[in-house]
Amino acid sequence: MLVWFHQRVPALLILSMENKEKILLAHGSGGSLMHDLIEKLFKKSFGNEILNELSDSALIKSLPAEGHDLCFTTDSYTVSPLFFPGGDIGKLAVCGTINDLAVMGAQPLYLSCAFLIEEGLDYDILERLTKSIAQTARQEKVKIATGDFKVVEKNNLDKLFINTSGIGIRHAGVKIHKETIAPGDKIIINGSIGEHGLAILAARGDFDFQSTINSDCASLSGMIAKIIQVSRGIKFMRDPTRGGLATTLNEIVLGSNFGIRIFENNIPIKEEVRAACEILGFDPLYIANEGKVVVIVAEKDVEVILDVMRRDALGGESQIIGKVVKEPKQKVLLQTRIAGTRILDMLTAEQFPRIC
Amino acid sequence: MRYIDEYRDRGITQKLIKKMLNIVSDYSSPIVLMEVCGTHTMSIFRSGLRNYLPDNIRLISGPGCPVCVTPNSYLDKAIAYARKDDVIIVTFGDMIRVPGSSSNLEKEKSTGRQVRVVYSCLDALSIAQDNPDKKVIFLGVGFETTVPTLAATIKIAKEKKIRNFFVFSGHKVIPPAMQALVKERSPHIDGFICPGHVSTIIGSKPYEFIVRDYHVPCVIAGFEPVDVTQAIFMLAQQIVEKKSPVVEIQYSRSVKEEGNRKALDLMEEVFESEDSNWRGLGIIPESGLKIKQAFSDFDAELSIEVEVEMTKEDKGCICGAILRGIKTPLDCVLFKKQCRPENPIGACMVSSEGTCAAYFKYGK
């Protein structure tokens, strides 16, 4: 991984028509503009002893690896608009990767951060996003150890994409794995679903509806660390992001020798989310979340885990939403409000607002 | 949520089902009810209501999904419009994945054609105002529910002299399709669960000829589990007690006997009826709506020339028979194999109200 250096596009200076400073192709060309950007923006915001070296790859000298396993993950982030109620793409890129480490039971330590930017982006957008990334990383005690920055010609991508990779460590004693799940285990979620997807949809403005719904975008690492500390009864965790809760539950039963039974009445959904879904014809079970985690726990530990979760700021509304069952295998069944039962399937295609 | 949760109440639903069991338990023949509207089909599956119904009540799904009954020829023409450089296609979301003879609007969009999804036809008007050098064509697909707002939009376009806004009308009206079904007597239908939204506009009178001439009882139903259960109970009561059939309104919190006069006036001012081609049902007299002469400047078909490919039907697809209630998706060899929501062969798999989509999503 090269750190902030990589020449791909020819230097081409474009003067901004407005008074606003713009990101130019030259910012990504390895020349003085890029060095300025690294010094004034990235080093200033992210600066730490590893990054400040600006070497070709981050050198991490002492990983506390004795008795620990390493977890390593990567994710790319693209969202429109870049800023939305409850967050922005920067916060999302940090929290999303941290959460992927956290649900494995790992403590996140280091992140990489790579920007792909469309030429002509307002400089202050990059600045605000960088600050948001730095702030979120600081709060979560992770270091941005390495990074990259590319500018591509206008119209070759939509404003700005971010890729973050993350390294975390997990105590070798933590046995969080799908294979440990067994019938009788309980399924917990830490709060209400569907908020991120709807906040984005409303912010996008494609549909003439306004809402007070905020994205739930948050790092789950702190809350998860607390429950791991109190219980060895955590079997599995996953964050229900794209495809929503229904898709995550289906991923869990896929290829397994158990099924899942979910109780519709127990799934926390905010009133605004339910109302917006009613109007648009969406099913909140399929809408993306960015600060939720599905935790599968042994029945004997469920109370102690729920108690810890409910005392955390991100888990106040934690609920047992279902249980692992022996039959039918590899299926998710939903017990509806009127106590009917139906299959809850994976999201097969993007949801669209309906005609009538 | 008020006015919703009450209608999803487990206790009330169970009570109604108990009452229903009481009246149908001694009834010897099966009772076949058609839910005309696709939203009812979805609601029935989604709530798991089928698990509770008495064994001798059979529900079959009808043609009330606007996307599903829109024929390939319409889609081919819409796709041909989309391929014109100076055209922006504006549509409700359900339409964009429906396959035409050789493409769909989603594929066209991915090749750079301008296809935009909106939630209201008024958004199409704003798009026209924002793109004065483009012809903005709104795909008018829907039943009586959506026609009045489109009529109002066309009137606004006329008042504001917006010359680049057009409507490609594929609108249909429900009662003639119900007539076509009972006339054919296949499938046999003992009662209709009539659409709640359509009836909010047209009222209950347009169904009266069905009970009078064909002796099939009708109940206009809302969309929540309690609504649908109560409507089935009301129909069962009419059938078992062998009263002379009537049109009843279960969805009285929304539907009035006379309908919505203002909406109907708007519809009649801008649209007039014409014969229309329904997927699966063929051409049904007076079952479609076209734009009246006074507003013909906004009629895409009259104003924008386009060359359309020869329409082909997929031979294996039985959407037509499913829309008539003769077959279910389980009878289709393509169902869940080649035809899946991510790769739909027929329209009924695409729409959120489609019978195949309902069976796929909830019916295993």
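Cut-offs and rules
Residues numbered from 1 in each chain as written. Chains lettered and ligands numbered in written order. Predicted model: local features only at pLDDT ≥ 70, side-chain atom pairs only at ≥ 80, totals over all residues. Helix = DSSP H or I, 4+ residues; strand = E, 2+ residues; numbered from the N terminus. Rg over C-alpha atoms; globule rule 2.2 N^0.38 Å. Contact = placed C-beta atoms within 7 Å. Buried ≥ 20, exposed ≤ 12 C-beta atoms within 10 Å, placed from the backbone. Domains from an automatic or database assignment. Nonpolar A, V, L, I, M, F, W, Y, C, P; charged D, E, K, R; others polar. Core = buried A, V, L, I, M, F, W, Y, C linked by C-beta atoms within 7 Å. Pairing = 2+ DSSP bridges. Axes fitted to C-alpha atoms, helices over the stretch in contact; angles between N-to-C directions. Expected span 1.5 Å × (residues − 1). Arc of directions from axis to C-beta. Parallel < 35°, antiparallel > 145°, perpendicular 65-115°, else oblique. Left-handed = near helix turned anticlockwise from the far one by under 90°.

1. Things to note about the overall build of chain B
Consideration 1: Each helix and strand counted, chain B has 15 helices and 11 strands in total.
Consideration 2: The C-alpha radius of gyration computed for chain B amounts to 21 Å, which stays within 12% of the reference 21 Å derived for 364 residues, consistent with globular compactness.
Consideration 3: Overall, the C-alpha framework of chain B stretches about 65 × 45 × 40 Å when taken along its three principal axes.
Consideration 4: Counted over contacts in chain B with a minimum sequence separation of 6, partners at least 24 positions apart contribute 77%.

2. Regarding the overall build of chain A
Consideration 1: Regarding its fold elements, chain A presents 8 helices and 13 strands.
Consideration 2: The C-alpha atoms of chain A give 22 Å as radius of gyration, which agrees with the globular expectation for 356 residues (21 Å, within 12%).
Consideration 3: Viewed in the frame of its principal axes, chain A has a C-alpha envelope of about 65 × 60 × 35 Å.
Consideration 4: The buried share of chain A, reckoned over its 356 residues, is 48%.

3. A word on the domain arrangement of chain B
Often the size quoted for an interface is simply the accessible area lost on bringing the parts together.
Residue and element names in this part refer to chain B.
Consideration 1: Taken domain by domain, chain B comprises domain 1 (1–313) and domain 2 (319–362).
Consideration 2: Domain 1 and domain 2 are separated by 17 Å when their C-alpha centres are compared.
Consideration 3: Facing the 26 residues of domain 1 at the interface are 19 residues of domain 2.
Consideration 4: For the side of domain 1 that touches domain 2, the elements supplying multiple residues, two or more each, are α2 (38–47), β2 (57–64) and α3 (66–69).
Consideration 5: The element that contributes the greatest number of residues to the side of domain 1 that touches domain 2 is α2, accounting for 6 residues.
Consideration 6: Class assignment of the residues belonging to the side of domain 1 that touches domain 2 gives a composition of 14 nonpolar, 8 polar and 4 charged.

4. Regarding the nonpolar core
Inside soluble globular proteins, nonpolar side chains tend to come together where they are buried.
Consideration 1: Ranked by size, the top nonpolar core spans 117 residues in total, and within it B:A78, B:I89, B:I137, B:F192 and B:I193 carry the most contacts.
Consideration 2: Counting the residues that make up this core, at least three belong to each of domain 1 (1–313) and domain 2 (319–362) of chain B.
Consideration 3: Sequence-distant contacts of B:A78, defined by excluding residues within four places in its chain, comprise B:I89, B:L105, B:L139 and B:F168.
Consideration 4: In terms of nonpolar packing, the next biggest core, distinct from the first, is built from 101 residues, A:F84, A:V151, A:I227 and A:C277 among them.

5. Digging into the domain arrangement of chain A
All names here are of chain A.
Consideration 1: Here the domain parsing of chain A yields domain 1 (25–59 + 68–171) and domain 2 (178–343).
Consideration 2: Look at where the C-alpha atoms of domain 1 and domain 2 centre, and you get two points 28 Å apart.
Consideration 3: Of the residues lining the interface, 20 residues belong to domain 1; the matching set on domain 2 comes to 21 residues.
Consideration 4: Among the elements of the structure, α2 (89–102) and β4 (107–118) are those that each provide at least two residues to the side of domain 1 that touches domain 2.
Consideration 5: Among the residues making up the side of domain 1 that touches domain 2, the classes are represented as 10 nonpolar, 8 polar and 2 charged.

6. What about the sheet that holds β4(A)?
All names here are of chain A.
Consideration 1: Pairing within the open sheet is mixed, and its 4 strands lie in the order β1-β6-β4-β5. Two strands lie at the open edges of the sheet, namely β1 (68–77) and β5 (143–152), each paired on one side alone. When strand polarity is set aside, the average angle formed by the axes of neighbouring strands in this sheet is 10°.
Consideration 2: Sheet analysis places β4 next to strand β6 (residues 160–171), joined by 10 bridges and oriented antiparallel. Each bridged residue has a counterpart across the sheet, and for P108 the counterpart in β6 is G168.
Consideration 3: Lying on the sheet, α2 is in contact with β1, β4 and β6; it crosses β6 at an angle near 30°.

7. Things to note about unusual backbone geometry
Residues and elements named next belong to chain A.
Consideration 1: The amide bond that connects S80 to the next residue, P81, takes the cis arrangement and shows omega of 0°.
Consideration 2: Position of P81 among the secondary structure elements: in the loop between β1 and β2 (83–84).
Consideration 3: Here E327 and P328 are connected by a cis peptide whose omega angle stands at -10°.
Consideration 4: For P328, the location among the structural elements is in the loop between β11 (319–325) and β12 (332–335).
Consideration 5: With phi around 60°, K159 is a residue other than glycine that occupies positive phi space.
Consideration 6: Here K159 shows up in the loop between β5 and β6.
Consideration 7: Of note, Q330 is a non-glycine position whose phi angle comes to about 60°, a positive value.
Consideration 8: Taking the number of C-beta atoms within 10 Å as the measure of exposure, Q330 has 14 and is therefore partly exposed.

8. Details of the pairing of strand β7 (residues 191–194) of chain B
All names here are of chain B.
Consideration 1: Residues of β7 alternate between two faces, with G191 and I193 on one and F192 and C194 on the opposite face, all of them buried.
Consideration 2: Taken together, the 3 bridges between β7 and strand β8 (residues 218–220) define a ladder with parallel strand orientation. Bridging from a neighbouring strand, C194 pairs with I220 of β8.

9. Concerning helix α15 (residues 355–362) of chain B
Consideration 1: Among the 8 residues that make up α15(B), 8 are buried, leaving the element largely enclosed by the rest of the structure.
Consideration 2: Within α15(B), burial applies to B:T355, B:C356, B:A357, B:A358, B:Y359, B:F360, B:K361 and B:Y362.
Consideration 3: The elements touched by buried residues of α15(B) are β13 (341–343) of chain A together with α2, β2 and α14 (319–323) of chain B.

10. Some details on helix α1 (residues 10–24) of chain B
Because an α-helix completes one turn every 3.6 residues, residues spaced three or four positions apart along the sequence face the same direction.
All names here are of chain B.
Consideration 1: For α1, with 15 residues, the first-to-last C-alpha span of 21 Å sits near the 21 Å given by 1.5 Å per residue.
Consideration 2: For α1, the full list of buried residues reads T13, L16, M20 and V24. Seen end-on, α1 carries its buried residues on one side only, within an arc spanning 65°. Residues G11, K18 and N22 are exposed on α1 and point more than 90 degrees away from its buried face.

11. So, the packing of helix α5 (residues 221–230) of chain A against helix α8 (residues 302–311) of chain A
Residue and element names in this part refer to chain A.
Consideration 1: Close contact between α5 and α8 brings their axes to 9 Å; oriented N to C, the two are set at 150°. When the axis of α5 is compared with that of α8, the two are roughly antiparallel. Here α5 runs over α8; the crossing is right-handed. Residue-level inspection shows M223, K226, I227 and V230 of α5 in contact with α8, the latter providing V304, I305, V308 and M309.
Consideration 2: By residue class, the composition of the contact of α5 with α8 is 7 nonpolar, no polar and 1 charged.

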